[in-house]
Amino acid sequence: MVRENAMTDSDAHHATPPAPTIAALATARGTAALAVIRVSGPEAAPIVASRFADGALADAAGRTVWVGWLRDNDGRRVDQVVCVVWRGPHSSTGEDVVEVTCHGGDTVAQAVLRALYDAGARPAAPGEFTQRAFLNGKLDLAQAEAVADLIHAESRLGHRTAIAALRGRVSEAVGAVRQSLVQTAALVELELDFGEEDVEFADRDSLRDLLAEADRLLEELAGSARLGALARDGVRVVLGGRPNAGKSTLLNALVGDDRAIVSPVAGTTRDAVEAEAEIGGLRVRFVDTAGLRETADAIEAEGTRRARAAIDASDVLVYVVDASVGLDDEERAFLTALARRRPELPVVLVQNKADLVDGPARLGVEAEGAGAALAVSAHGALADPAALDGLRRSLLAAVRAEGLDAAAGGLVAVNERHRTHLEAARAAVGRAQRSLAAGSGGDTLALDLRAALHELGLVTGAVTTEHVLDAVFSQFCIGK
Ligand SMILES: Nc1nc2c(ncn2[C@@H]2O[C@H](COP(=O)(O)OP(=O)(O)OP(=O)(O)O)[C@@H](O)[C@H]2O)c(=O)[nH]1
Ligand SMILES: [Mg+2]
C-alpha cells in the first residue's frame, strides 16, 4: 500500500537533489474522529493542491486554512479535508508544510496518504520530520530527543522533564559548561599563540577555578541522568517476603485494584503479578511475587526462584513481614546477604497485619540495609489509607524522588546518551586539571579542553556524526 516513489526524473539530474517531499500519518492509527497527515518539503503545497478541490492552494500563503474535497488519482472523492499551509522557514520542520486533517479511521487516512504518494510525496522514515527540523536549525539535538520523550511520557514527571528539555533547559545547562570551557580554552590557546616566547597569559589560579567549576557542573548534569531515567522509565518495586505475609493483599491495596489472588493458603502466588500506579508523578510498576520459602512443591519452588530473580532486577524491594509472626533468622540472613550483593538496592520493610498486634512495632524488625519497619494493614476493610500513604512516601524517598512532583518546572534531566558524552567531557576536564597541576604545557591542556568541548557538542548536536543522528532519530515513530 505504501510505496517508494520519492525520486522523480528531474531529481535524478540535480547534483544535490533537494530534500524530497515526505508525507506520513501524524496521529495514531485506529478509529478516531480525525486524523492528521503531515506533508513536508519543497513540493508540499503543489502536491496537496494537485489532489485538492482548489488548485490555488499550490501558491497559498503560509498560515492559511483551506477546506475542500480531496480526490484520488482517478478523480474520486476521498474525503472532505482541512489543509493548513505553513511556509518555511516558519514551520515545524523549517520547510514548506501542509497539514491535512481528514476524518479518522484507517481507511480514510490511508486513502488520503495514498493519494498524496501518487501525487509525488514519499513515505517519511521514522523521525524524519524531527530530523529535518534539527537539520534546519529549528531544534537542537537535545530538544529533538525531548520530542520523542514527550510522546512516550507515561507519567507526570516524564511529561515535565520532557517539556523542560524541549524548552531547551538541557541545552542551556550544557551551554553553561561550554561557556566556562570555551573561556578556559581561549586563555590557553592565546598563550599557545605566543608559545615561542614562553609566556603565561593565563593565570593558573583562574584556570584551576574555571576547570573546577566545569567539573562541578558536569558532575551535576551527568548525575541528573538518574532523574531522567526515573522520569522516563519509572521504578520497579518488588513485593517480597514469606508466604502469607500479605504481599498480594498489599499489591491490591497499593494499586486500588483486585489484581492478585489473595488467600489464607500459604504459597498462593506463583507467577509474578505486575500492576502499575502513579505515585508522586512517578510511574511505579509493582511486582507481586511468590513467598520465599524452601519447598518440595516443584511449582512453588519455581515461583520462589522467579521471586528471587524479580528481587534482583528491582529498583526497590518492599519486604513484607506478617507483624503477628515477625522476622525470623533465615529472613534476616537473606536480607543481609542481599544488602551485601546489591548494596545500592533500597529495601523498605513493611509490617503488614498491624491490626493483629497490639501497639506499634513490637517486633523490632530492623534488618541490615533496611530502615525501621512501617506498620500497615493491607487487608480489605482494615486497610489504613494513612499507613498506605506513608508507604508510598517511603517508596519515593527510597529512590530519592520525594518532592520532585512539586518542584515547579526547571527539571533538568539528561538521558543516557547525554550522560555518556558528559562523562567523557568530565574525564577530559579531569585530564586537563591534572596537566595543570603537573605544570604541563598549554598544548596538552588545549587538547583536553577541545576533547571536552567536542563531547559537549555531541549532546546538543553542535557536532554530529551519522552514527549519533541514526541513533537518535531511529527511535522515533513514523510521522514524527
Ligand atoms: N488481619 C489481616 N489479614 C491480612 C492482612 N493482609 C493480608 N491478610 C490476610 O493474609 C492472608 C494472606 O494474604 P496474601 O495477600 O495472599 O499473602 P501473600 O503474601 O501474597 O501470600 P503468598 O502468595 O502465599 O506468598 C489472606 O487471608 C489475607 O486476607 C492484614 O493487614 N490484616
Ligand atoms: Mg500472594
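Now for a look at the structure at hand. (Residues numbered from 1 in each chain as written. Chains lettered and ligands numbered in written order. Predicted model: local features only at pLDDT ≥ 70, side-chain atom pairs only at ≥ 80, totals over all residues. Heavy atoms only, no water.)

Turning our attention to the nonpolar core. Core analysis: the biggest nonpolar cluster contains 35 residues, and Val 237, Leu 250, Leu 282, Phe 286, Val 318 and Leu 395 have the highest contact counts within it. Sorting the residues of this core by element identifies helix 9 (225-233), strand 7 (235-241), helix 10 (247-255), strand 8 (273-279), strand 9 (282-288), strand 10 (316-322), strand 11 (347-352) and helix 13 (385-398) as the ones contributing at least two each. (Core = buried A, V, L, I, M, F, W, Y, C linked by side-chain atoms within 4.5 Å. Buried < 20%, exposed > 50% of the residue type's maximum accessible area, 1.4 Å probe, protein only. Helix = DSSP H or I, 4+ residues; strand = E, 2+ residues; numbered from the N terminus.)

So, about the sheet that holds strand 2 (residues 34-40). Pairing is mixed across the open sheet formed by six strands, whose spatial order is 3-4-5-2-1-6. If you trace the sheet from one side to the other, it starts and ends with strand 3 (64-71) and strand 6 (122-123), each paired once. Examined bridge by bridge, strand 1 (residues 22-25) and strand 2 share four bridges and lie antiparallel to one another. From the neighbouring strand, Ile 22 faces strand 2, where its bridge partner is Ser 40. Against the sheet, helix 4 (residues 128-135) touches strand 1, strand 2 and strand 6, its axis set at about 135° to strand 1. (Pairing = 2+ DSSP bridges. Contact = heavy atoms within 4.5 Å. Axes fitted to C-alpha atoms, helices over the stretch in contact; angles between N-to-C directions.)

A word on the packing of helix 8 (residues 204-223) against helix 14 (residues 416-437). Packed helices, taken two at a time, are described by their axes: the angle between them and the distance between them. Close contact between helix 8 and helix 14 brings their axes to 9 Å; oriented N to C, the two are set at 160°. As summarised for this structure, helix 8 and helix 14 are arranged roughly antiparallel, according to the angle between their axes. Crossing of helix 8 against helix 14: the hand is left-handed. Here helix 8 contributes Arg 204, Leu 207, Arg 208, Leu 211, Ala 212, Asp 215, Leu 218, Glu 219, Leu 221 and Ala 222 to the contact with helix 14, which in turn contributes Arg 419, Leu 422, Glu 423, Ala 425, Arg 426, Val 429, Ala 432, Gln 433 and Leu 436. A class-by-class count of the residues in the contact of helix 8 with helix 14 yields 11 nonpolar, one polar and seven charged. (Parallel < 35°, antiparallel > 145°, perpendicular 65-115°, else oblique. Left-handed = near helix turned anticlockwise from the far one by under 90°. Nonpolar A, V, L, I, M, F, W, Y, C, P; charged D, E, K, R; others polar.)

Between side chains of opposite charge, a pair can form as their charged atoms come close. Applying the stated criterion to the full structure yields 34 salt bridges. Between Arg 270 and Asp 297 there is a salt bridge; the shortest N-O distance is 3.8 Å. Linking Arg 270 in the loop between helix 10 and strand 8 with Asp 297 in the loop between strand 9 and helix 11 (298-312), this pair joins segments that are 27 residues apart in sequence. The exposure class assigned to Arg 270 is partly exposed, which follows from its relative accessible area of 28%. A salt bridge links Arg 306 to Asp 271, with the shortest nitrogen-to-oxygen separation between them at 3.1 Å. With Arg 306 in helix 11 and Asp 271 in the loop between helix 10 and strand 8, this residue pair connects regions lying 35 residues apart in the sequence. (Salt bridge = Lys/Arg side-chain N within 4 Å of Asp/Glu carboxyl O.)

The subject of this paragraph is the site of ligand 1. In the vicinity of ligand 1, 24 residues are found, and the nearest of them are Lys 247, Ser 248, Thr 249, Gly 267 and Thr 268. With respect to ligand 1, the backbone of Thr 268 contributes an N or O atom lying 2.8 Å from an oxygen atom. One of the backbone nitrogen or oxygen atoms of Gly 291 is found 3.3 Å away from an oxygen atom of ligand 1. Relative to its free-state accessible area of 650 Å², ligand 1 is covered by the protein chains to the extent of 92%. Tallying contributions element by element places helix 10 first for the shell around ligand 1, with three residues. (Near = heavy atom within 4 Å. Polar contact = N/O pair within 3.5 Å; in protein donor to acceptor, adjacent residues only side chain to side chain. Areas by Shrake-Rupley, 256 points an atom, 1.4 Å probe, with all protein chains shown as cover.)

This brings us to helix 9. Among all positions in helix 9, only Ala 225, Leu 227, Gly 228, Leu 230 and Ala 231 are buried. Those residues of helix 9 that are buried are in contact with helix 6 (156-166), helix 8, strand 7, strand 9 and helix 14. One or two steps after helix 9, the chain reaches Gly 234, where phi turns positive at roughly 70°.

Here the magnesium ion (ligand 2) is held by the protein donor atoms Ser 248 (OG) and Thr 269 (OG1), which lie 2.0 Å from it. Pair noted here: Ser 248 is in helix 10 and Thr 269 is in the loop between helix 10 and strand 8, with a separation of 21 residues, a long-range link. In this structure Ser 248 comes out as buried when scored by relative accessible area, which is 9%. You can call Thr 269 buried: its relative accessible area is 12%. (Donors = N, O, S within 2.8 Å, 3.2 Å for Na, K, Ca; no water.)

To continue, consider the packing of helix 8 against helix 9. One way to put it is that helix 8 packs onto helix 9 with a least axis distance of 4 Å and a crossing angle of 15°. In this view, helix 8 runs roughly parallel relative to helix 9, as classed from their interaxial angle. Across the interface between the two elements, Leu 221, Ala 222 and Gly 223 from helix 8 touch Ala 225, Arg 226 and Leu 227 from helix 9. Residue composition of the contact of helix 8 with helix 9, by class: four nonpolar, one polar and one charged.

Here we come to the packing of aromatic side chains. Two measures describe an aromatic ring pair: the distance that separates the ring centres and the angle between the ring planes. In this structure the tally under the stated criterion is two aromatic pairs. With a centroid separation of 6.2 Å and an interplanar angle of 40°, the aromatic rings of Phe 134 and Phe 473 are classed as tilted. Taken together, the residues Phe 134 in helix 4 and Phe 473 in helix 16 (residues 466-473) connect sequence positions 339 residues apart. Seen in terms of ring centroids, Tyr 319 and Phe 334 are 6.3 Å apart; in terms of plane orientation they differ by 35°. Their pairing is tilted. Within this pair, whereas Tyr 319 is found in strand 10, its partner Phe 334 is found in helix 12 (residues 329-341), the two being separated by 15 residues in sequence. Residue classification places Tyr 319 among the buried residues on the basis of a relative accessible area of 1%. According to the relative accessible area criterion, Phe 334 is buried, its value standing at 16%. (Phe/Tyr/Trp six-rings, centres within 6.5 Å; stacked < 30°, edge-to-face > 60°.)

Turning our attention to empty space enclosed by the protein. For the structure on display, the rule yields two cavities of 30 Å³ or more. Here the largest cavity defines a volume of roughly 80 Å³. Forming the boundary of the largest cavity are 13 residues, of which Asp 149, Thr 161, Ala 165, Arg 232 and Ala 413 lie nearest the centre. Looking at the lining of the largest cavity, the elements that each hand over two or more residues are helix 5 (141-152) and helix 6. Of the residues forming the lining of the largest cavity, the biggest block, four residues, is contributed by helix 5. Classifying every residue of the lining of the largest cavity gives seven nonpolar, three polar and three charged. Its boundaries defined by the atoms lining it, the second largest cavity holds a volume of some 40 Å³. Taken together, Leu 25, Thr 27, Ala 28, Arg 29, Gly 30, Ala 32, Leu 34, Ala 35, Gly 104, Gly 105, Asp 106 and Ala 109 form the lining of the second largest cavity. Counting residues per element, the ones that place at least two in the lining of the second largest cavity are strand 2 and helix 3 (106-118). (1 Å grid on protein atoms, 1.4 Å probe; cavity = no way out; pocket = protein on both sides within 12 Å on 5 of 7 lines; lining within 4 Å. Points joined across faces, edges and corners; volume = space filled by probe spheres on them.)

Spatial relationships are all this shows, so hold off on functional conclusions.
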